[in-house]
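# Architecture and fold: a report
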Amino acid sequence: QVRLVESGGGLVQAGDSLRLSCAASGVTFSTHTMAWFRQAPGKEREFVHAIKAGGGSTYYADSMKGRFTASKDRGKNTLYLQMNNLKPEDTAVYYCAAGTPITSALRSASMYPYWGQGTQVTVSS
């Protein structure tokens, strides 16, 4: 049984940092591509980051490069997302996802069958 549990969200001010965690069970970094998505109110789910199965290539949304950095702890089977210099437009529910998409499709939420419950990030101006 696959389970993804996000944590680390909260209410912060613009310019602050947060680190999100995604503890995974039933999937591993070797077998599944792990990704972060976010969804703001009234908007579609948006790709943030992915790391391909096998722990090789990583991918970021262009708008978040340089501010967001993902990392993993294989021993804990946990994915992290360090978010720096947060902006009000980063306010969203952040989700962890797992799946086996081909590289050209890994930015598409529909390619991931497994999702966590999400963690709310709110950035005030």
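Quick notes on the rules
- Residues numbered from 1 in each chain as written.
- Predicted model: local features only at pLDDT ≥ 70, side-chain atom pairs only at ≥ 80, totals over all residues.
- Heavy atoms only, no water.
- Disulfide = S-S within 2.5 Å.
- Helix = DSSP H or I, 4+ residues; strand = E, 2+ residues; numbered from the N terminus.
- Buried < 20%, exposed > 50% of the residue type's maximum accessible area, 1.4 Å probe, protein only.
- Core = buried A, V, L, I, M, F, W, Y, C linked by side-chain atoms within 4.5 Å.
- Contact = heavy atoms within 4.5 Å.
- Salt bridge = Lys/Arg side-chain N within 4 Å of Asp/Glu carboxyl O.
- Polar contact = N/O pair within 3.5 Å; in protein donor to acceptor, adjacent residues only side chain to side chain.
- Pairing = 2+ DSSP bridges.

### Section: the state of the cysteines
- Taken as a whole and judged by the stated rule, the model has one disulfide.
- The disulfide bridge from Cys22 ends at Cys96, spanning 2.0 Å between sulfur atoms. Judged by the sign of its S-S torsion, about -75°, the bond between Cys22 and Cys96 is left-handed. On the criterion of sequence distance, the pair formed by Cys22 in strand β3 (residues 18–25) and Cys96 in strand β9 (residues 92–99) is long-range, its members being 74 residues apart. There is no split in this pair, since Cys22 and Cys96 are both buried.

### With respect to the nonpolar core
- In terms of nonpolar packing, the biggest core is built from 36 residues, with Met34, Leu81, Met83 and Tyr94 touching the most fellow members.
- Among the elements of the structure, β3, β4 (33–39), β5 (46–51), β6 (58–60), β7 (68–73), β8 (78–83), β9 and β11 (119–124) are those that each provide at least two residues to this core.
- Considering each element in turn, this core owes the most residues, five residues, to β9.
- What Tyr94 contacts, discounting residues up to four positions off in sequence, is Glu6, Leu20, Phe37, Arg38, Val48, Phe68, Leu81, Met83, Gly118, Thr119 and Val121.

### Points about the pattern of salt bridges
- This structure, assessed with the given rule, holds four salt bridges.
- One salt bridge in this structure joins Asp90 and Arg38, with 2.9 Å as the shortest N-O distance. Placement of the pair is Asp90 in the loop between β8 and β9 and Arg38 in strand β4, with a sequence separation of 52 residues. Neither residue differs from the other here; Asp90 and Arg38 are each classed as buried.
- Between Lys65 and Asp62 there is a salt bridge, with the nearest N and O atoms lying 3.5 Å from each other.
- Residue class for Lys65 comes out exposed when judged on its relative accessible area of 51%.

### Focus: the side chain of Arg67
- Mapped onto the elements, Arg67 comes out in the loop between β6 and β7.
- Engagement of the side chain of Arg67 in a polar contact is seen with the side chain of Asp90, the distance being 2.7 Å.
- Residues within four places of Arg67 in sequence aside, it is in contact with Gln82, Met83, Asn84, Asn85, Leu86, Lys87 and Asp90.

### A few points about the pairing of β9
- Along β9, eight of the eight residues are buried, which leaves the element largely enclosed by surrounding structure.
- Relative to β9, β4 runs antiparallel, the two sharing seven bridges. Of the residues in β9, the one forming a bridge with Trp36 is Cys96.
- Sheet topology places β9 next to β11; three bridges connect them, and they run antiparallel. From the neighbouring strand, Val93 faces β11, where its bridge partner is Gln120.
- Both β9 and strand β10 (residues 114–115) contribute to a ladder of two bridges, which runs antiparallel. What sits directly across from Ala97, in β10, is Trp115.

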